[in-house]
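Breakdown of the fold
The lines below spell out each chain.
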Amino acid sequence: MIDKIKELIGEVELFKTNNTDEVEKFRIKFLGKKGEVANFFTQFKNIPNDKKKEFGQLVNQLKNSSLKKVNELLENLKKNSVDTNKLDLSLPGDSYKLGSRHPISIIRNEIIEIFTRLGFTISEGPEIEDDWHVFSALNFPEEHPARDMQDTFFIEKNPDILLRTHTSSVQVRVMDKQQAPIRTISPGRVFRNEAISARAHCIFHQVEGLYIDENVSFADLKQTLFYFAKELFGKDTKLRFRPSFFPFTEPSAEVDISCTLCGGKGCNVCKYTGWLEILGCGMVDPNVLESNNIDNEKYTGFAFGMGIERIAMLKYGIKDLRLFFENDIRFLEQF
Ligand code: DAH
């Protein structure tokens, strides 16, 4: 019995917890009505007289050390729990560092938003393409310089598998699947075998537009692009259409907006012309409709294509194209 008490005294000494329930279990085990201490006291009468003194002292020691332990543990728990009186709820919280969207994504989303408002759907196509979708179906003659090794990254020759050089290939993909009327835009990444500089990169992004229906005219094209440019660059933006050439449109035009910096007066951004080129466009060439099995007697259409980097550079006043691809956080966090 004496040994049992000594053992329990050791157990009490070693006991540790941070849990209120555990403290209560401990208290009941040692100090409860039917606990160890009470139990030993009831046995006191059965202890031989010569042992009574030692027994009594040890039981008292067990009782006192248990009490002390319970008080200590409760005191500790109190200290570690949050004291709401000392909480300053007016202190500012830790701020979360939110990421920002890449400027190319911002402009792409703005462009998509404007055209979806006009009822355009969004189409996508593969970045790895064949000659048909990038060139032949778009009325590029065999010897056209855009097919030259200098511009195109070829993956395989004969039959030609290549990285698309423009998103006009998605026009062909849409016409493969869908009959007129068609009203769609295709944002995407394109590739050209060009030396990287402040004004050119081998990877960039375009948005292509295609509208085919009965009685679509150049006036519809102009009005669509007027609306687009004013929404993107502001109400006072003026547009200028310059005759141009693309194999897949006839007639074709390049479109300039009045300079976003000087408003048309002339500055070094617009090279003192007052105008900035933003896209190419035109009426879909009847040959393209025919190659893609669309009745070119019944339907006409317009198409346009723009570079997202170029528009982002104009909108944000960025002078070096390479910044878009370096992912320098000091650049990106400004948007
Ligand atoms: N695909 C042309 C390019 O990459 C851009 C373009 C011009 C697209 C005129 C068109 C268009 O749809 O009609 O330079």
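The sections below set out a description of the structure shown in this document. (Residues numbered from 1 in each chain as written. Predicted model: local features only at pLDDT ≥ 70, side-chain atom pairs only at ≥ 80, totals over all residues. Heavy atoms only, no water.)

With 12 residues, helix H2 (residues 20-31) extends 16 Å from end C-alpha to end C-alpha; this agrees with the ideal 16 Å at 1.5 Å per step. For H2, the elements touching its buried residues are helix H1 (2-14), helix H3 (36-43) and helix H4 (49-80). The backbone nitrogen of Asp-21 has a side-chain oxygen 2.8 Å away, supplied by the residue at the start of H2, namely Asn-19. (Helix = DSSP H or I, 4+ residues; strand = E, 2+ residues; numbered from the N terminus. Expected span 1.5 Å × (residues − 1). Contact = heavy atoms within 4.5 Å. Polar contact = N/O pair within 3.5 Å; in protein donor to acceptor, adjacent residues only side chain to side chain.)

What follows deals with the pairing of strand E6 (residues 203-213). Along E6, 9 of the 11 residues are buried, which leaves the element largely enclosed by surrounding structure. Direction of pairing for strand E5 (residues 182-191) relative to E6: antiparallel, over a ladder of 10 bridges. Residue pairing across strands places Ile-182 opposite Ile-212, the latter belonging to E6. Inspection of the sheet shows E6 paired to strand E10 (residues 300-307) by 8 bridges, in the antiparallel sense. Bridging from a neighbouring strand, Asp-213 pairs with Thr-300 of E10. (Buried < 20%, exposed > 50% of the residue type's maximum accessible area, 1.4 Å probe, protein only. Pairing = 2+ DSSP bridges.)

It is worth spelling out the environment of Thr-249 at this point. Within the secondary structure, Thr-249 is located in strand E8 (residues 249-258). Overall, the relative accessible area of 2% leaves Thr-249 in the buried class. Separated by 55 residues in the primary sequence, Thr-249 and Phe-304 place their C-alpha atoms 9.1 Å from one another. Apart from the residues lying within four places of it in its own chain, the contact partners of Thr-249 are Cys-281, Gly-282, Met-283, Val-284, Asp-285 and Ala-303.

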